[in-house]
Amino acid sequence: MDITLSVLKADIGSIGGHITPSESLLSRVESYVQNEGSGLLIDYHIAHTGDDIALLMTHTKGENNEGVHQLAWDAFQEGTKTAKEQGLYGAGQDLLKDAFSGNVKGMGPAVAEIECEERPSEPFVLFMADKTEPGAYNLPLYLTFADPMNTPGLILSPNLGKGFKFEILDIEHTEADRVIELKAPEDLYDIAALLRDNGRFVVQSIYSVNSGEQAVACSTTRLNKIAGKYVGKDDPVALVRTQKNFPATGEVLAPYRIGHYVAGFMRGSHNGPLMPISQRDTVSFFDGPPIVSALAFSVKEGKLTEPVDVFDNTFWDEVRTKVSRKAQEMREQGFSGPAMLNYSELEYGGITERMEKLDDEFRIE
Ligand code: F6R
Ligand code: MG
Ligand code: MG
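These figures come from a predicted structure and were not determined experimentally.

**Some remarks on the coordination of the magnesium ion (ligand 3)**
Donor atoms from the polypeptide that coordinate the magnesium ion (ligand 3) comprise Asp51 (OD), Asp52 (OD), Asp52 (OD), Asp130 (OD) and Asp235 (OD), at 2.0 to 2.7 Å from the metal. One chain supplies every donor to the magnesium ion (ligand 3), and in sequence these donors are spaced D-D-x77-D-x104-D. A distance of 4.0 Å spans the gap from the magnesium ion (ligand 3) to the magnesium ion (ligand 2), which aspartate 51 bridges by coordinating each metal. Here aspartate 51, found in the loop between β2 (43-49) and β3 (52-59), pairs with aspartate 235, found in the loop between α6 (223-227) and β10 (237-241); they are 184 residues apart in sequence, far enough to count as distant.

As structure tokens, then:
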């Protein structure tokens, strides 16, 4: 059976700053999807990480389906009403356009979708990150799909041994989608050369060379490119199918032990280590650190099991301690050097005015 996994994610308001959506907001969104999604969706699950809500939906309508995207858009609008009623911060923040037009791409919410022929057993992981950018998944995906030091399946399993095709998007190119296809292991150094630049080149999707099946879909939204100014970071979602022709779930999760430094954190303008967290956790220190949650599911004929909160395990406590230390180490140096992003990546416009004013005050000697 062909099914589509769609996840759409938006920040539509949160308690106490950019921290977490309220229970009322979540239940309003959930009841909207439950009532209006019948007949359209096979199943759904509503999750959140940090200040973002993710609607995971299964259906048979394919990617970029108008009905499915409209449902999510309307559910976010509905939730925004509660956000306004409760005085939540940033109500409707990621809904950047007034009217829905066909699909939500370019309208604010992050989208990742995979249409596939469902395998007899179909495990996958939903990743949701907050206070960071789409390129945050570059290194974990490179390690999972291209490096046998992380993924022994690449040398042990004939299913994985033929490698993977990466589709990488140039997100600076806003006039149209500028995409390159590269294969691991053949094009390994080219892939690495692009993926080192998280702010510009991001993994859009990954396919098994052996079967041609799609393993990964990542959201690639750049909110500031849509709105023309800073309106929040582009906190990304990703879907990763696992096992058999794909890396095992544990091989997909393993790179998150690194807590690699990514852009985001306070005011979307700093580098901080990516912390894998459970669904019970949220951001706190310095509006961060950047966080990632992961929910593992199985799906049968579009029906989802309950999720397993895979970073909610004793192993990750030690990782979180390490990441806390890394975050503090970076924060010791305040605005200096790599702690804060480069001028062009700073998400608040205030510094531009300051620099323009100072520019006039320089004297040439
Ligand atoms: C980062 C983020 C927060 C805000 C910060 C200031 O993605 O959401 O760090 O940038 O809390 O928010 P405003 O400018 O809304 O007061
Ligand atoms: Mg926010
Ligand atoms: Mg967010």
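**Thoughts on the sheet that holds β2**
Sheet architecture is open: four strands sit in the order β2-β3-β1-β4, paired in antiparallel fashion. Because the sheet does not close on itself, it has two edges, and the strands there are β2 and β4 (110-117). Taking each pair of neighbouring strands and ignoring which way they run, the sheet shows an average axis angle of 15°. Two strands pair when backbone bridges link them, and strand β1 (residues 2-10) and β3 are joined in this way by seven bridges, in the antiparallel orientation. Within the sheet, the bridge partner assigned to valine 7 lies in β3 and is leucine 56.

**Quick notes on the pairing of β2**
Among the seven residues in β2, six count as buried, and that is most of the element. Where β2 meets β3, seven bridges bridge the pair, whose relative direction is antiparallel. The partner of tyrosine 44 across the bridge, within β3, is methionine 57. Between β2 and the antiparallel strand that follows it, β3, lie two residues; glycine 50 among them carries a positive phi value of about 55°.

**Details of the nonpolar core**
One finds Phe127, Tyr137, Leu141, Phe145 and Phe166 to be the most contacted residues of the largest nonpolar core, which totals 47 residues. In terms of residues, this core owes the most to one element, helix α3 (residues 138-146), which gives five residues. In this structure phenylalanine 145 touches Leu154, Phe164, Phe166, Ala184, Ile206, Ala215, Val216, Val240 and Pro247, once residues within four positions along its chain are discounted. By size, the runner-up hydrophobic cluster in this structure holds 27 residues, among which are Ala10, Ile12, Leu41 and Phe100.

**Concerning the coordination of the magnesium ion (ligand 2)**
Of the protein atoms, only Asp11 (OD), His18 (ND1) and Asp51 (OD) coordinate the magnesium ion (ligand 2), at distances of 2.0 to 2.5 Å. When the donor residues of the magnesium ion (ligand 2) are listed from N- to C-terminus, their spacing reads D-x6-H-x32-D. Classification of aspartate 11 by relative accessible area gives buried; the value is 1%. Classification of histidine 18 by relative accessible area gives partly exposed; the value is 26%.

**Digging into the pattern of salt bridges**
All chains considered together, the criterion is met by 16 salt bridges. One salt bridge in this structure joins lysine 81 and glutamate 78, with 3.1 Å as the shortest N-O distance. On the criterion of helical spacing, the pair formed by lysine 81 and glutamate 78 is a turn pair, its members being three residues apart in helix α2 (residues 66-85). What makes lysine 81 partly exposed here is its relative accessible area of 43%. Across the pair lysine 357 and glutamate 361 runs a salt bridge whose closest N-O atoms are separated by 3.6 Å. One end of the pair, lysine 357, and the other, glutamate 361, are both in helix α9 (residues 350-361), four residues apart, so they sit about a helical turn from each other.

**Focus on the pairing of β4**
Successive side chains on a regular strand alternate, one facing one side of the sheet and the next facing the other. Summarising burial for β4: six of the eight residues are buried, a large majority. As judged from the eight bridges shared by β1 and β4, these two strands associate in the antiparallel manner. Looking at the pairing, aspartate 2 lines up with glutamate 117 of β4.

**Focus: the packing of aromatic side chains**
Across all of its chains, the model carries eleven aromatic pairs by this definition. Relative to phenylalanine 286, the ring of phenylalanine 265 lies with its centre 5.1 Å away and its plane at 90°, an arrangement referred to as edge-to-face. Of this pair, phenylalanine 265 sits in the loop between β11 (261-264) and β12 (270-273) while phenylalanine 286 sits in the loop between β13 (275-276) and β14 (291-300), placing them 21 residues apart in sequence. Between phenylalanine 311 and tryptophan 316, the aromatic rings sit 4.7 Å apart at their centres with planes inclined by 70°, giving edge-to-face as the arrangement. Across the pair, exposure class does not vary: phenylalanine 311 and tryptophan 316 are buried alike. The positively charged end of lysine 165 is found above the aromatic ring belonging to tyrosine 207, 4.7 Å away from the centroid.

**Some details on the domain arrangement of the protein chain**
What the domain assignment lists for the protein chain is domain 1 (1-113) and domain 2 (119-365). Placing the centre of domain 1 and that of domain 2 at their C-alpha centroids yields a distance of 21 Å. Each side of the interface is counted separately: domain 1 has 34 residues, and domain 2 has 34 residues. Between domain 1 and domain 2, roughly 2600 Å² of surface is buried when both sides are summed, and carbon and sulfur atoms account for 66% of that area. Taken together, domain 1 and domain 2 are joined by one salt bridge. Where domain 1 touches domain 2, the interface holds nine residue pairs in polar contact (both at pLDDT 80 or more). For the side of domain 1 that touches domain 2, the elements supplying multiple residues, two or more each, are β1, β2, β3 and β4. Here the side of domain 1 that touches domain 2 takes six residues from β2, the largest share from any one element.

Basis of the calculations
- Residues numbered from 1 in each chain as written.
- Chains lettered and ligands numbered in written order.
- Predicted model: local features only at pLDDT ≥ 70, side-chain atom pairs only at ≥ 80, totals over all residues.
- Heavy atoms only, no water.
- Donors = N, O, S within 2.8 Å, 3.2 Å for Na, K, Ca; no water.
- Helix = DSSP H or I, 4+ residues; strand = E, 2+ residues; numbered from the N terminus.
- Pairing = 2+ DSSP bridges.
- Axes fitted to C-alpha atoms, helices over the stretch in contact; angles between N-to-C directions.
- Buried < 20%, exposed > 50% of the residue type's maximum accessible area, 1.4 Å probe, protein only.
- Core = buried A, V, L, I, M, F, W, Y, C linked by side-chain atoms within 4.5 Å.
- Contact = heavy atoms within 4.5 Å.
- Salt bridge = Lys/Arg side-chain N within 4 Å of Asp/Glu carboxyl O.
- Phe/Tyr/Trp six-rings, centres within 6.5 Å; stacked < 30°, edge-to-face > 60°.
- Lys NZ or Arg CZ within 6 Å of the ring centre and 35° of its normal.
- Domains from an automatic or database assignment.
- Buried area = accessible area lost by both parts, 1.4 Å probe.
- Polar contact = N/O pair within 3.5 Å; in protein donor to acceptor, adjacent residues only side chain to side chain.

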